[in-house]
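Close look at the chain arrangement
The lines below spell out each chain.
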Amino acid sequence: MEIKTQYRGAVLVVRPAGPLAGPDADTFKTAIQGFVRENLGRVVIDASALPYVDSKGLETLSDIAEELALSGKGLKLCAANETVRQVIELTGLSPQFEHFEDTNSAVRSFL
Amino acid sequence: MQTDRPVTAGPEAHSDALGTRSRLFAMRRELLRGDSLFALIIFAVVALFLVNLVASIWRNMVFQKDVTQKASVQQAKAVGTMLARAAESLMETNGLSTLRRTVAETALEYNLRVCRILLPNGAILADADPAAITLIDLPASWEGEAPAYAEEFARQSARFAYPLTIPGRGSATLRIAAGVDDRLDASLVPQTSQMAIACLALASMLLVHRHSRFRLKAIGAIHEILMAVRDEGADISTLELDPKLGAEAVAWNKLLGDRQATQVRSAIQQVKEVAHEKSESAGAFGAAFDAVPSGLAFVNRALQIEHVNGAAAVFLQAARAQLLHVPVATAIKDERVVAAVREAAENPAAKRAVIEVEQGCTVTAGVLRFAVVPIRDGQSHFALVTIEDITQQRVATAAMNSFLAKAAHELRTPLTNIRLFVEEALEHCEKNPVAASRCLNVVNDETQRLDRTVAEILSASQIEAGSFELKRDDVHLDEMLAKLKADHEAQAKEKRIAYEFDLPPKLPILQADRDKIALALHNLVGNALKYTLDGGRIVVSAQVEKSRLSVSVSDTGIGISPEEIEKVFEKFYRSKNPLATNVKGSGLGLPIAREVARLHGGDVVAESELGKGSTFTLILPLVEESA
């Protein structure tokens with residue numbers, strides 16, 4: 001999995017490319033935790049390049065969301081495809097995440 | 001509860017009455033519960049009576065035995081005396097055979113163990129046992145003195161020696177030994193037995209009475225307690241009975257114990273429930289504390305952090321445990337904030353202080369706003385520190401300021417041109433119509449440029465505000481591309497750029513926002529014309545694939561470096577390429593084109609090679625999607 005980052009204002013947009021599954025999920029989790037720590041939680045996950053998410057990936061997203069919730073923040077996902085959104089909906093995890101149609105909306109939510 | 005308290009009686013009188021009643025009740029219960037003095041006296045009297053009865057029986061038996069023994073001795077003694085007189089007489093008259101028969105019969109009659117007559121030389125003249133006789137005939141006379149009268153008592157026998165004096169013959173001795181009868185009188189046995197039976201019966205009755213008294217005492221005590229509970233209520237600790245009262249008391253105590261245990265369990269359960277509720281309340285408070293997106297920290301007068309939430313821990317970049325109960329100066333490095341906290345913690349009347357702290361050298365490194373207010377809680381007071389991350393607001397404000405400055409610049413340039421050329425046209429309108437016409441053409445161009453700039457700024461503002469909405473309609477792409485070609489042909493011709501369209505014979509009709517799609521395409525072609533040098537080439541092509549339409553604008557322009565390929569989609573971004581610095585532009589064209597495409601469910605992607613040219617492709621889905 002390739003993880004690209006880009007600042008939009010003071011918000012770090014993290015764009016993982018490739019399936020969020022298996023061992024990549026741990027790598028992703030570690031990376032996100034570092035980004036969250038460095039940027040005081042101003043992080044958006046651009047899921048436009050995530051083709052699918054397996055159970056491990058869902059668990060990772062859920063863990064990150066729970067960690068952020070302890071500091072009054074939410075995990076902001078944007079541009080997730082239909083497959084990823086359906087998986088999140090079906091597993092009942094959608095209340096844990098804030099989903100935005102595009103990066104701009106997600107970044108704007110920090111205002 | 002009903003009371004008999006007189007109406008005029010005060011609380012103290014009522015209290016005294018209750019106290020006396022309670023004491024009497026306790027005394028009564030005490031008498032019923034344990035071994036009372038009365039019961040002890042009764043028991044002692046009966047025991048004394050029994051002992052006395054037994055002693056009387058024993059004394060009677062001893063007396064009877066003594067009497068019997070004495071009677072036996074007296075009888076033996078009398079028999080001996082009588083036999084001695086008879087022997088003297090018979091020996092004097094030489095009636096030896098009669099003497100011997102008399103001795104034998106007397107011995108047999110009175111059950112004498114020994115009965116014999118001895119001469120002083122030891123010869124046995126007569127004996128109860130004829131075989132023991134050693135002297136057959138009675139001598140005419142003999143020598144020697146017989147011993148004096150003697151008597152000897154052993155355990156169960158009495159021995160007597162009577163001196164016999166036979167005139168003309170000599171002296172002799174009568175010895176008898178009689179068994180002393182110590183057997184009780186037969187008439188005493190039934191009497192003694194009856195007394196013994198009576199004693200046993202009395203003892204049994206005493207035991208039965210004692211046992212039943214215990215049982216009845218337990219039941220009576222329980223009854224009293226139940227009545228007391230009914231009338232007054234009672235402390236459960238005073239209701240226990242002496243276990244010695246028997247199984248009923250033990251069972252009663254067990255019931256009380258069970259009830260106490262139930263009460264204790266109930267109390268524990270209630271305590272647990274209260275504790276649980278408090279815990280839940282504390283948990284809910286803690287959860288709410290953590291759910292606040294702003295960082296919160298309570299600092300006490302000792303300038304130590306008492307409470308801190310998760311957001312504050314994130315903002316202060318430390319684990320929550322590391323922040324608790326540490327000096328505030330350790331957690332917050334900015335001296336202004338620490339000073340404000342000190343002021344608020346020490347002075348409850350301190351004013352609210354707001355301090356903005358930049359974390360690093362750049363704004364994007366983080367800007368935190370610390371608001372410090374004093375909080376009074378009874379006698380104590382705290383300082384509440386609220387921490388907000390205003391970095392994005394700062395960046396947005398900076399971007400807005402930059403946007404306004406650039407927008408003002410973009411507007412000022414064409415407006416300046418318009419003003420200058422209008423003045424020139426006015427000056428030459430009568431004398432030099434050709435120059436005036438040229439000026440008006442420039443004014444026309446600048447007006448169009450101004451119009452586009454204003455439209456772009458408006459679009460960018462709408463995008464920024466989130467109010468960039470689509471008005472979908474049927475879009476005939478072939479017509480739109482034809483107009484696009486016509487609109488830019490003159491500009492391409494002016495720069496001697498080959499402006500070509502490579503389109504399929506038939507293009508689909510889109511469900512899209514016509515004006516915004518047109519705006520996006522104009523921006524792409526306009527950018528290509530701007531950054532393609534004279535003599536270059538621009539090709540607009542369209543491909544219809546399975547579910548999407550791609551419109552590509554390829555040019556042979558200056559190209560974009562890989563580092564800048566994504567940045568060109570940021571608002572107001574201007575390329576660092578020296579060849580691009582002189583190109584006029586708002587820096588909004590590509591961001592708007594991409595935003596338009598994405599709102600339609602598509603995208604704008606760029607491929608470029610520095611110095612060789614670029615290709616920007618507008619991708620739109622053919623299936624209608626919700627924006």
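Higher on the page you've got the structure.
An account of the accompanying structure is given in this report. All residue numbers refer to position in the chain's written sequence, counted from 1. Whichever chain is written first becomes A and whichever ligand is written first becomes 1, with later ones labelled in order. pLDDT decides what is reported in this predicted model: residues at 70 or higher carry local features, side-chain atom pairs at 80 or more are listed and counted, and totals for whole chains, interfaces and linings draw on all residues regardless.

Section: the overall build of chain B
To be explicit about the condition: Working definition: helices are DSSP H or I runs of at least four residues, strands are E runs of at least two. Numbering for both runs from the N terminus. Here a residue counts as buried when 20 or more other C-beta atoms fall within 10 Å of its C-beta, as exposed when 12 or fewer do, and as partly exposed in between; the C-beta atoms come from the backbone. Contact between two residues is assigned whenever their backbone-derived C-beta positions fall within 7 Å.
Assigned secondary structure in chain B consists of 14 helices and 17 strands. Within chain B, buried positions represent 25% of all 627 residues. Looking at chain B alone, contacts between residues at least 24 apart form 58% of all its contacts between residues at least 6 apart.

Things to note about the overall build of chain A
In terms of helices and strands, chain A carries 4 helices and 5 strands. Going residue by residue from the N terminus, the α and β elements of chain A occur as β-β-α-β-α-β-α-β-α. For chain A, with 111 residues in total, the buried portion stands at 41%.

A few points about the nonpolar core
Residue and element names in this part refer to chain B. Basically, it comes down to this: Among buried residues, those of type Ala, Val, Leu, Ile, Met, Phe, Trp, Tyr and Cys that are joined through C-beta atoms within 7 Å form a set called a nonpolar core.
Formed by 38 residues in total, the largest nonpolar core has its most connected members in A520, L521, L524, V525, I538, A593 and L618. The greatest single-element share of this core, amounting to 8 residues, is contributed by helix α13 (residues 514–531). Not counting chain neighbours up to four residues away, the residues in contact with L521 comprise L484, V551 and L618.

Re α13 of chain B
Going by this rule: Between the first and last residue of a helix there are one fewer steps than residues, each counted as 1.5 Å, and that sum is the expected span.
The first and last C-alpha atoms of α13 of chain B sit 26 Å apart over 18 residues, in line with the 26 Å expected at 1.5 Å per residue. When we look at burial in α13 of chain B, the residues that qualify are K516, I517, A520, L521, H522, N523, L524, V525, N527, A528, L529 and Y531 of chain B.

Describing the interface of chain A and chain B
It is common to report an interface's size as the accessible area lost on association of the parts. In plain terms, the rule: Residue classes follow a fixed rule: Ala, Val, Leu, Ile, Met, Phe, Trp, Tyr, Cys and Pro count as nonpolar, while Asp, Glu, Lys and Arg count as charged, and any other residue, Gly among them, counts as polar.
The interface of chain A with chain B comprises 19 residues on the first partner and 23 residues on the second. Only β1 (2–8) and α4 (103–108) of chain A provide two or more residues apiece to the side of chain A that touches chain B. Of all the elements, α4 of chain A adds the most residues to the side of chain A that touches chain B, at 3 residues. Counted by class, the side of chain A that touches chain B contains 7 nonpolar, 7 polar and 5 charged residues.

Structural notes on the environment of L256 of chain B
Along the chain, the position of L256 of chain B falls in helix α5 (residues 247–291). Along the backbone, L256 of chain B and L239 of chain B are 17 residues apart, and their C-alpha atoms lie at a distance of 7.9 Å.

A word on the sheet that holds strand β10 (residues 380–389) of chain B
All names here are of chain B. Put simply, the test is: In this scheme, strands are said to pair when DSSP sees at least two bridges between them. Comment: axis = line fitted to C-alpha atoms, over the contacting stretch for helices; angle = value between 0 and 180 degrees taken between N-to-C directions.
Across the sheet, 5 strands lie side by side as β7-β6-β10-β9-β8; this open sheet has antiparallel pairing. If you trace the sheet from one side to the other, it starts and ends with β7 (305–308) and β8 (353–358), each paired once. Adjacent strand axes in the sheet meet at a mean angle of 25°, parallel and antiparallel pairs treated alike. Of the pairings in the sheet, the one linking β8 to strand β9 (residues 367–377) comprises 6 bridges and is antiparallel in character. Note on β9: the bridge partner recorded for V357 is L368. Of the strands in this sheet, β6 (295–299), β8, β9 and β10 touch helix α9 (residues 335–346), which is tilted by about 10° from β9.

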